[in-house]
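Here are the chains, one letter per residue:
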Amino acid sequence: MREERIHKYNLLKNSFKIDPYLLNLEDSEAGLSKQLWQEFKTKRILATDIHKNFENLAQGDLSEEITWVAGRIHNNRNSGMFLDLYDETGKIQIVNERTELEGGYHNAEEDKHLLDLLDKGDIIAVYGKPYRTPRGELSIKTIDLWILSKAILPPPEIIENKRRRLGLTDVEVRYRERYLDLMVNPQVKETFKRRAEIVLGIRQFLNEKGFLEFETPILQTSAGGAAARPFVTHHNTLNMNLYLRIATELHLKRLLVGGFEKVYEIGRIFRNEGISTKHNPEFTSVELYQAYADGQDMMQLTEDLICRLAQSEEIEHLGEKINLQKPWRRVQMSDLVQEVTGKDFDIANCSLEQAKQQAQELKIEIGSAQTVGEILYKVFEEKCEAKLIQPTFVLGYPWEDSPLAFVSANSTCSMKDQETQNTREAKYAERFELFIYGRELANGFTELNNPFRQKEAFLAQQKLKDKGNEEAHPLDEDYIKALEFGMPPSGGLGIGIDRLIMLLTNSASIRDVILFPTMKPLV
RNA sequence: GGGUUAUUAGCUCAACGGUAGAGCAGCUGACUCUUAAUCAGUUGGUUCCGAGUUCGAAUCUCGGAUAACCCA
């Protein structure tokens, strides 16, 4: 098939003197080319607009309004008489009356042959008049047409009609050759359009609230701000290893030290971890930090943001109705665990022995967990996470896993609880995570701005690292130095944008919302 | 990391130990007719790769690749 197309390409070039990759309007013998090209660029109409503008054109009627359209041919009936032309907005039918085709820069005789050389997949420009066929299909009746790009490979069949199982369904091809997926699966195009709108919506929301967007380093000498294994790369002239960032947190908080009070960054994050329907090695997050605020403010902001992006108080996600009506549930992790398992793992009431015993009763492998808090977290992950279908803020994270958050007795994520941090042994981090449909969507806390506490927390992480925990947070002396200059008390929030888009576009896999997901090469 | 499943023509799939097939696409022709156009004819294969069992393998066995899903 490819050979056939190449043959046609050569025919066009040699017999017609047309290079089907150039704007052949330029080569017109009629001398009108430049003028026509200008006209084309300024007057081209999108398919949806034609349908809108000529809605009332009666059957069989021909409008006198000269119209330009362009797009890809996806279907061809009656030997080129009817073409289905698709642009970004949809389909418009082209009607070619061979006997009526006038010459533009090629004469009518040649047009006949030109029609025969058109293939599915070719991108063409059409100059003609709106026309509703006797059968009622709004079309463009061609006066002249030009090949703008010859397709050597045919496009997969476009799916508009489910009556037969065709089109491109192989997920592997859809991910590897996403352009084909976009070309023929309208709902895929719709998802990514929505993605662009959501990201724009986040920017608009934050900008309205006075946040400033910044760009912080992706290449870092120390990959901090989260618990994850980083990718390592090498800088040749500095002759040193660098890490790809696993979070934007520590640099954004340096901006708070510098005096900005509301900052955010939307950007790519890299984590050297497994791939699943919820994980891609590179993904997009938005992190924001607000001075003179706390975790409470961050929860409210999260609600406001997501509700605005959803544009509806109830959405349907993979068969579940998700009620987004504010305020969303806020619950302590230990209360939630008790609710689900009937066992009390609250650090205040539960000894390490009891916690281990209870975990065993629940048949939960505690693995490396050494404290009540860590066991609580394991039980939560095992027993509760998947059940959090409706939006839920989970509070009261064990401090061991939250080295960048304030620690308090009550973990209400409110600033006034900080004063109780002296008796750290019985404490939770002032941290929350948002779950919807069992998926972690956001993570926020009242930021730790005490450099001494921060250093202690880093040193505790260092010990874990020494024990072989590759996800433990590295000691970042430079960040501690920044805190020593003083960071205002602040709230911080991170949202996984891909997962948020999954939720809002009703997508089951993160790969359905990432245009080019990470794949192993075929050879 | 473990398990399950899949990989056959450009696309969607069949053939389940006995000559590798269909629909669509492509090509040739008919038809100013259509919208899944139709009609007639027709081309097209390293059955993901490699080894084994067998008279005979797309099919059974083993190994590998890639992917999807589930579990950790």
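Residues numbered from 1 in each chain as written. Chains lettered and ligands numbered in written order. Predicted model: local features only at pLDDT ≥ 70, side-chain atom pairs only at ≥ 80, totals over all residues. Heavy atoms only, no water.

Caption draft 1: Quick look at helix α7 (residues 186–208). Between its terminal C-alpha atoms α7 stretches 32 Å, which fits the 33 Å expected from 23 residues at 1.5 Å a residue. Of all the residues in α7, the buried ones are V188, T191, F192, R194, R195, I198, V199, G201, I202, F205 and L206. In the stretch just after α7, G210 is the one whose phi turns positive, near 90°. (Helix = DSSP H or I, 4+ residues; strand = E, 2+ residues; numbered from the N terminus. Expected span 1.5 Å × (residues − 1). Buried < 20%, exposed > 50% of the residue type's maximum accessible area, 1.4 Å probe, protein only.)

Caption draft 2: Here's a closer look at the packing of aromatic side chains. In total, this model carries 14 aromatic pairs according to the counting rule given. Centroid distance W68 to W146: 5.5 Å. Interplanar angle 20°. Geometry classified as stacked. Within this pair, whereas W68 is found in strand β1 (residues 67–77), its partner W146 is found in strand β5 (residues 138–149), the two being separated by 78 residues in sequence. Using a relative accessible area of 2% as the deciding quantity, one classes W146 as buried. Three or more aromatic residues link up through ring pairs in this structure, and these residues are W37, F40, W68, Y127 and W146. (Phe/Tyr/Trp six-rings, centres within 6.5 Å; stacked < 30°, edge-to-face > 60°.)

Caption draft 3: Structural context of the sheet that holds strand β9 (residues 240–244). Read from one edge to the other, the open sheet built from three strands follows the order β7-β9-β8, with strand pairing classed as antiparallel. Only two strands of the sheet have a single partner each, and these edge strands are β7 (219–220) and β8 (232–235). Where β7 meets β9, two bridges bridge the pair, whose relative direction is antiparallel. Paired with Q220 across the strands is Y243, a residue of β9. (Pairing = 2+ DSSP bridges.)

Caption draft 4: Representation of unusual backbone geometry. The omega angle of the peptide bond from K326 to P327 is -5°, so this bond is cis rather than trans. Topologically, P327 is positioned in the loop between β13 (320–323) and β14 (329–332). For Q311, which is not glycine, the phi torsion reads 60° and is therefore positive. Within the secondary structure, Q311 is located in the loop between α9 (295–310) and β12 (314–317). Residue Q311 is classed as exposed on the basis of its relative accessible area of 65%. One non-glycine residue, N506, adopts positive backbone phi at about 60°. Structurally, N506 can be placed in the segment after α15 (497–505).

Caption draft 5: Main features of the domain arrangement of chain A. Each assigned domain of chain A is listed with its residue range as follows: domain 1 (2–149) and domain 2 (187–328 + 390–512). Distance from the C-alpha centre of domain 1 to the C-alpha centre of domain 2: 51 Å. (Domains from an automatic or database assignment.)

Caption draft 6: Examining the side chain of E400 more closely. Along the polypeptide, E400 turns up in the loop between β15 (392–398) and β16 (407–408). Aside from chain neighbours lying at most four places away, what touches E400 is T371, G373, E374 and Q461. (Contact = heavy atoms within 4.5 Å.)

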